[in-house]
Amino acid sequence: MKALNLFAAAALSCTALVAMAPAVLAQDAIEVKFTTVSVPTDIHTKAMTVFKDTLDAALPGRFDIQLYDSGSLFGQNGDLDALQRGNAEMAYVSFQLIADAIPKFGLFTAGYLFQSPEHYRAMMQSDIGTEFKQAVSDEMGIQLLDVCYLGTRQLNLRTLRDVQTPADLDGVKLRMPGSDAWLFLGQALGANPTPLPFSEVYLGLQTGTIDAQDNPLPTVEAAKFYEVTKQIVLTSHLVDGLPMAVNNQTWEQLNSDEQAAMVGAAQAACDYNNAERKSEEARLVAFFEGEGLTVTTPDVDAFRSHVQAFYLDSDRAKEWPEGWVERVNALAP
């Protein structure tokens with residue numbers, strides 16, 4: 001009888017362990033809240049799903065990846081603070097926010113510097129990129145996994161205006177994200193930069209709080225800014241890249257294989273994003289014209305020379321690492 005009781009107790013113990021197993025596995029899964037302010041239809045929002053699916057396929061059950069869009073978790077410019085405080089684990093962190101924290105990297109926010117998405121990735125994989133990523137990790141507490149192409153930024157005006165050179169933007173209230181690096185770019189373009197959260201841009205254009213906004217064409221479509229504007233000016237002033245980042249608290253929990261899988265998932269997400277954005281940009285000029293917008297091309301050389309001189313003559317350029325402009329230029333594919 002005693003032997004039977006011992007057997008029954010052992011069986012009950014095994015049953016309890018089996019019942020506990022799912023809970024143990026769930027505790028072992030690393031929670032990753034991935035947040036963005038962009039809308040669900042935006043391509044880099046969709047790329048977050050590619051990241052999740054790729055990482056889940058590579059390491060089933062290792063991560064609990066939760067996706068939040070439209071600023072539903074944190075508002076504009078709140079993502080970085082959330083990463084650093086541990087309130088979120090992943091986000092897109094712009095070069096402009098990085099430059100605000102580490103001014104010497106303001107170089108990467110300069111208009112007309114990068115020429116293509118491939119140029120960004122070449123920089124990130126170079127010796128410059130290694131130094132850049134290490135400094136960001138040390139000083140900001142985040143790891144940069146890859147850079148997704150956000151698109152080539154153009155001007156989008158609520159009323160028709162003859163824009164040929166930066167002088168034609170004098171007095172134009174140009175919405176820019178609310179960081180110093182973004183506002184400086186607005187000044188370099190010749191406009192009156194006006195900070196406004198992305199979620200308020202549509203209403204701002206509709207009511208005249210702002211006269212214009214700048215974004216890549218796929219964002220103009222996704223956010224439906226074409227409904228409240230009359231003109232697009234193809235200045236092509238910034239080939240914009242958006243780093244995908246994870247905080248160090250999460251990164252340092254991972255072994256080398258898990259880190260490699262996360263980087264691989266980020267690269268897969270950015271590959272998807274980049275291909276989709278290139279395709280979208282190719283079709284959108286005709287789309288906007290079909291929606292009644294006037295699409296014009298200014299004197300791009302005049303914009304380029306003015307913007308580059310504005311940066312190089314500023315105190316900001318004095319903080320840039322010596323020789324890096326030339327080295328970045330040399331990395332262009």
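Residues numbered from 1 in each chain as written. Predicted model: local features only at pLDDT ≥ 70, side-chain atom pairs only at ≥ 80, totals over all residues. Heavy atoms only, no water.

*Asks:* Explanation requested: the overall build of the chain in the structure shown.
*Replies:* Each helix and strand in the chain was counted, giving 14 helices and nine strands. With the C-alpha coordinates aligned to their principal axes, the bounding extent of the chain is approximately 100 × 45 × 30 Å. Split into buried and exposed, the 333 residues of the chain put 50% on the buried side. A sequence separation of at least 24 residues applies to 77% of the contacts in the chain between residues at least 6 apart. Accessible area for the chain stands at about 14,700 Å²; split by element, carbon and sulfur atoms hold 53% of it. (Helix = DSSP H or I, 4+ residues; strand = E, 2+ residues; numbered from the N terminus. Buried < 20%, exposed > 50% of the residue type's maximum accessible area, 1.4 Å probe, protein only. Contact = heavy atoms within 4.5 Å. Areas by Shrake-Rupley, 256 points an atom, 1.4 Å probe, with all protein chains shown as cover.)

*Asks:* Explanation requested: the packing of aromatic side chains in the structure shown.
*Replies:* Two descriptors summarise a pair of aromatic rings, namely the distance from one centre to the other and the angle between the planes of the rings. Across all of its chains, the model carries 19 aromatic pairs by this definition. Geometrically, the ring pair formed by F95 and Y120 is stacked, given 5.4 Å between the ring centres and 20° between the ring planes. Remark: Y120 occurs in helix α5 (residues 117-124) and F95 occurs in helix α4 (residues 95-101); sequence separation between them is 25 residues. Three or more aromatic residues joined by ring pairs make a cluster, and in this case those are F95, F105, F108, F114, Y120, F132 and W324. Residue placement shows R283 over the ring face of F287; its charged tip is 5.8 Å from the ring centre. (Phe/Tyr/Trp six-rings, centres within 6.5 Å; stacked < 30°, edge-to-face > 60°. Lys NZ or Arg CZ within 6 Å of the ring centre and 35° of its normal.)

*Asks:* Would you mind going over helix α2 (residues 43-58) with me for this structure?
*Replies:* Because an α-helix completes one turn every 3.6 residues, residues spaced three or four positions apart along the sequence face the same direction. Here α2 is 16 residues long and its end C-alpha atoms lie 23 Å apart, about the 22 Å a rise of 1.5 Å per residue gives. Those residues of α2 that sit buried are I43, H44, T45, A47, M48, F51 and L55. (Expected span 1.5 Å × (residues − 1).)

*Asks:* Honestly, the side chain of E281 in this entry has me stumped. Any pointers?
*Replies:* In this structure, E281 sits in helix α11 (residues 256-290). We note that E281 is buried and unpaired, the nearest opposite charge coming from R277 at a distance of 6.6 Å. (Lys, Arg positive; Asp, Glu negative; His and termini not counted. Salt bridge = Lys/Arg side-chain N within 4 Å of Asp/Glu carboxyl O.)

*Asks:* What should I look at first to understand the packing of α5 against α11 in this one?
*Replies:* Axis angle and axis distance: for two packed helices, these are the angle between their axes and the distance between the axes, and together they describe the pair. Taken N-terminus to C-terminus, the directions of α5 and α11 make an angle of 155°; their axes are 11 Å apart at the nearest point. One element, α5, and the other, α11, form an angle in the roughly antiparallel class. Seen from α5, the contacting residues are P117, E118 and R121; seen from α11, they are Q267, C270, D271, N274 and K278. (Axes fitted to C-alpha atoms, helices over the stretch in contact; angles between N-to-C directions. Parallel < 35°, antiparallel > 145°, perpendicular 65-115°, else oblique.)

*Asks:* In this structure, what is going on with the nonpolar core? I would like to understand it.
*Replies:* In a soluble, globular protein the nonpolar side chains are often hidden away together inside. Formed by 54 residues in total, the largest nonpolar core has its most connected members in F108, F132 and I142. Ranked by residue count, the leading element in this core is strand β4 (residues 142-157), at six residues. Not counting residues within four places of it along the chain, the set of residues in contact with I142 comprises L80, L83, V93, V136, S137, A245, V246, N247 and N248. Counting residues in each nonpolar core, the second largest holds 25 residues, with M48, M90, L145 and A261 among its members. (Core = buried A, V, L, I, M, F, W, Y, C linked by side-chain atoms within 4.5 Å.)

*Asks:* How should I be thinking about the pattern of salt bridges in this particular structure?
*Replies:* One pass over the structure, following the stated rule, counts 15 salt bridges. Between E258 and R62 there is a salt bridge, with its nearest N and O atoms 2.6 Å apart. Of the two residues, E258 sits in helix α11 while R62 sits in the loop between α2 and β2 (63-68), which places them 196 residues apart along the sequence. Of the residues examined, E258 reaches a relative accessible area of 9% and is grouped as buried. Among the charged side chains, a network of salt bridges with common partners joins E31, K33 and E89.

*Asks:* What exactly am I supposed to notice about unusual backbone geometry here?
*Replies:* Across residues other than glycine, the phi torsion is negative in most instances, and most of the peptide bonds are trans. Non-glycine residue S70 carries a positive phi angle of around 60°. For S70, the location among the structural elements is in the loop between β2 and α3 (78-85). On the basis of relative accessibility, which here comes to 41%, the residue S70 falls in the partly exposed class. The residue K224 is not glycine, and still its phi comes out positive at about 60°.

*Asks:* Could you clarify how one ought to interpret α5 in this entry?
*Replies:* Of the positions making up α5, those classed as buried are P117, H119, Y120, M123 and M124. The buried residues of α5 occupy an angular sector of 160° when the element is viewed end-on, so they sit on one face. Looking at the packing, one finds that the buried side of α5 touches α4, α6 (127-140), β4, β8 (231-247), α11 and α14 (324-330). (Arc of directions from axis to C-beta.)

*Asks:* Would you explain the pairing of strand β1 (residues 30-35) in this entry?
*Replies:* When a strand is regular, its side chains alternate between the sheet's two faces. With five of six residues buried, β1 is to be regarded as a mostly interior element. Strand direction decides the pairing type here: β1 and β2, joined by six bridges, are parallel. Each residue of the ladder has a partner; that of F34, found in β2, is L67. A crossover connection joins β1 to the parallel β2 through α2; in handedness this β-α-β unit is right-handed. Across two bridges, β1 lies against strand β3 (residues 90-92) in parallel orientation. Looking at β3, one finds that T35 is bridged to A91. (Pairing = 2+ DSSP bridges. Right-handed = clockwise from strand over helix to strand, strands pointing away.)

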